[in-house]
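Structure at a glance
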Amino acid sequence: MLPRLLLGSLIAGSLFSAELTIVNARLHDFEDGPPVASTDSFRAGKTIFLSFQIGGFQATEDDHIQLSYEIATTDPAQKPLGPVKTGKVEAELAPEDKKKGAQWMPKIRYQIQIPATPAPGAYEIQIHVNDQISGARLVKDVPFVVRPSGIESSGTLTIRNFRFLRSESEKDRLPESGAYRPGDAVWAHFDITGYKFGPNNRYDVKYGISLRDATGKALFSNPDAAEDTNESFYPRTYVPGEFSLNLDKNIRPGEYTLLISLSDPVGQQSFESSHVFRVE
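Rules of the game
Residues numbered from 1 in each chain as written. Predicted model: local features only at pLDDT ≥ 70, side-chain atom pairs only at ≥ 80, totals over all residues. Heavy atoms only, no water. Helix = DSSP H or I, 4+ residues; strand = E, 2+ residues; numbered from the N terminus. Rg over C-alpha atoms; globule rule 2.2 N^0.38 Å. Buried < 20%, exposed > 50% of the residue type's maximum accessible area, 1.4 Å probe, protein only. Areas by Shrake-Rupley, 256 points an atom, 1.4 Å probe, with all protein chains shown as cover. Lys, Arg positive; Asp, Glu negative; His and termini not counted. Charge placed at Lys NZ, Arg CZ, Asp CG, Glu CD. Phe/Tyr/Trp six-rings, centres within 6.5 Å; stacked < 30°, edge-to-face > 60°. Lys NZ or Arg CZ within 6 Å of the ring centre and 35° of its normal. Pairing = 2+ DSSP bridges. Axes fitted to C-alpha atoms, helices over the stretch in contact; angles between N-to-C directions. Salt bridge = Lys/Arg side-chain N within 4 Å of Asp/Glu carboxyl O. pLDDT = per-residue confidence, 0-100. Contact = heavy atoms within 4.5 Å.

1. Re the overall build of the chain
Check the secondary structure of the chain and you find zero helices and 16 strands. Relative to the 2.2 N^0.38 estimate, which gives 19 Å for 280 residues, the radius of gyration of the chain is 27 Å and therefore markedly larger than a compact globule would have. Here the C-alpha coordinates of the chain stretch approximately 90 × 35 × 30 Å along the principal axes. Within the chain, buried positions represent 40% of all 280 residues. Carbon and sulfur atoms make up 48% of the accessible area of the chain, which totals about 15300 Å². Positive and negative side-chain charges in the chain, numbering 30 and 36 respectively, have mean positions lying 4 Å apart.

Here it is, written out as structure tokens:
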């Protein structure tokens, strides 16, 4: 078999069909790994691998083939997850490639990473194949499901899933009836959503924090605690926030209020939330 490959590999396969076809379209957890069950779902940030073969193509009189393809992935709202992948397979068939029962078919590989903040639901990988010799065209959809993130969307700037922790670890969450002690570190984790996007899905989120005692007296304030700004092909619909405060060893027992002040310069929005904890 003569050397041949353009963004694809040629391998032995089943008999050619009478029409252009896509066969053995399978999803994998890693390249050339075992097929993923159709009932499986995928999480945010996961890379999905796809492989398939092309059959039923035609060759010229001197046994040359010319195939082209495009592959794209969209979310439930038909938003693309990344740029369209294009490729070609141009090859000259060798005698062993045409043996009955042993004809080969090109194998194409593709991968796409699920965004960090994907919309949950049914996604599609759409494959377009074109046989340049016969003029035949074919489209095939490969569906998959993305799990919910647990972050409820919002039309305006807001905080979701605020939680106090005793340490940086999510496993060390402060119980509902729990309290801190003088000298402890107060950790807070939360998710920010509802901000607006600029060109190229750019976002800019800023927040400040302050701590007040039961009388409303400010014990600590940092109006510029953190900023998160970025842009991406697929819109990032929420960003995580976190910070920690070290309580004074001589702080008095009682209730304290943590204030978070958000701002969204792109959408010209602001939002403030308060969260109470106890010191015993």
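Now, onward.
2. Some details on the packing of aromatic side chains
All chains considered together, the criterion is met by 14 aromatic pairs. Relative to Trp-104, the ring of Phe-57 lies with its centre 6.0 Å away and its plane at 45°, an arrangement referred to as tilted. Remark: Trp-104 occurs in strand E7 (residues 104-113) and Phe-57 occurs in the loop between strand E4 (47-55) and strand E5 (64-74); sequence separation between them is 47 residues. Each member of the pair, Phe-57 together with Trp-104, is buried. Pairwise contacts between aromatic rings join Phe-162, Phe-164, Tyr-180, Phe-190, Tyr-207, Phe-243, Tyr-256 and Phe-277 into one cluster. Positioned above the aromatic ring of Tyr-180, the side-chain terminus of Arg-166 is 5.8 Å from the ring centre.

3. What to know about the sheet that holds strand E12 (residues 203-212)
Taken together, the four strands give an open sheet; going across it, the order is E13-E12-E15-E16, and neighbouring strands pair in antiparallel fashion. Only two strands of the sheet have a single neighbouring strand rather than two, namely strand E13 (218-230) and strand E16 (269-279). For this sheet the average axis-to-axis angle between neighbouring strands, irrespective of direction, equals 15°. Sheet analysis places E12 next to E13, joined by nine bridges and oriented antiparallel.

4. Focus on the pairing of strand E8 (residues 121-131)
The pairing of E5 with E8 spans eight bridges and is antiparallel. Bridge pairing links Ile-71 to Ile-127 in E8. What sits between E8 and strand E9 (residues 137-146) in their antiparallel hairpin is a turn of five residues, with Gly-135 showing a positive phi close to 85°.

5. What about the pattern of salt bridges?
Taken as a whole and judged by the stated rule, the model has eight salt bridges. One salt bridge in this structure joins Arg-163 and Glu-170, with 2.7 Å as the shortest N-O distance. A network of salt bridges, in which partner residues are shared, links Arg-163, Glu-170, Arg-173 and Asp-191.

6. Quick word on the sheet that holds strand E10 (residues 158-165)
Strand order across the open sheet formed by three strands is E10-E11-E14, with antiparallel pairing between neighbours. Every other strand in the sheet has two partners, leaving E10 and strand E14 (238-246) as the edge strands with one partner each. The sheet shows a mean angle of 20° between the axes of neighbouring strands, taken without regard to direction. Note that strand E11 (residues 185-193) and E14 share nine bridges and pair antiparallel. Note that in E14 the partner of Val-186 across the bridge is Leu-245.

7. Things to note about unusual backbone geometry
Non-glycine residue Gln-78 carries a positive phi angle of around 70°. Tracing the chain through its elements places Gln-78 in the loop between E5 and strand E6 (85-92).

8. What to know about the confidence of the model for the chain
Predicted coordinates in regions of low pLDDT should not be interpreted in detail. Across the chain, pLDDT averages 90, with 91% of residues at or above 70. Predicted confidence for residues 1-17 stays below pLDDT 50, and this span has 57 contacts to residues more than four positions away or in other chains.

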